[in-house]
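# What the coordinates show
Listed below, chain by chain, are the residues.
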Amino acid sequence: MVNIFIIPFIYAFIGASLFIAIPLQIIDLGVSNPFILGLAGTVFGIFYAPLCILQSLLSNRINKRVAILSVSIIYPFIILGFLLFNNIPAIIMLCGSMGIVLSMFWPTYQSHITIRLDPAQTTHILQAFN
């Protein structure tokens, strides 16, 4: 049971840290326009929300382990991109990429932890997970 919580905890911790660090990075670049500051989160949400729905619809047709491993390989490169690129367009594009990648992770991971469980176990596992 502990294993199913470690990976999402790490992803949530990194994501929360990035949502604090990205606006600070943008301010550090000399941008004080609230529109630009809000654009990073907005671009993330524009990709994340609809693609989560699409991914949840496709989750029965894909190999869940491959999808989770792929995201686990791609996500660190996106984080590295935030460290390497110091211009606003690149940061905004990385926010969109992060939305795409995380929309692949969360629905797939939640459906993966319920494979081969009966409905009562599924409810219990998802309640504990969430």
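Residues numbered from 1 in each chain as written. Predicted model: local features only at pLDDT ≥ 70, side-chain atom pairs only at ≥ 80, totals over all residues. Heavy atoms only, no water.

## Brief notes about helix H2 (residues 34-58)
- If you check H2, its first and last C-alpha atoms are 36 Å apart, about what 25 residues at 1.5 Å a residue would give, namely 36 Å.
- Looking only at H2, the buried set comprises Ile36, Ala40, Val43, Phe44, Cys52 and Gln55.
- For H2, the side-chain oxygen to backbone nitrogen distance between the N-cap and Phe35 is 2.9 Å, and the N-cap itself is Asn33. (Helix = DSSP H or I, 4+ residues; strand = E, 2+ residues; numbered from the N terminus. Expected span 1.5 Å × (residues − 1). Buried < 20%, exposed > 50% of the residue type's maximum accessible area, 1.4 Å probe, protein only. Polar contact = N/O pair within 3.5 Å; in protein donor to acceptor, adjacent residues only side chain to side chain.)

## Some points on the packing of aromatic side chains
- Enumeration over the complete set of coordinates arrives at six aromatic pairs.
- Here the aromatic rings of Tyr11 and Tyr75 are separated by 5.0 Å at their centres, their planes lie at 10°, and the arrangement is stacked. Taken as a pair, Tyr11 in helix H1 (residues 2-28) and Tyr75 in helix H3 (residues 64-84) lie far apart in primary sequence, 64 residues in all.
- Residue Tyr11 is classed as buried on the basis of its relative accessible area of 8%.
- Seen from their ring centres, Phe44 and Tyr48 are 5.2 Å apart, and the 15° between their planes marks the pair as stacked. One end of the pair is Phe44 and the other is Tyr48, both in helix H2 and four residues apart, which spans about a single turn.
- The exposure class assigned to Phe44 is buried, which follows from its relative accessible area of 11%.
- Take Tyr48: its relative accessible area is 24%, and that puts it in the partly exposed class. (Phe/Tyr/Trp six-rings, centres within 6.5 Å; stacked < 30°, edge-to-face > 60°.)

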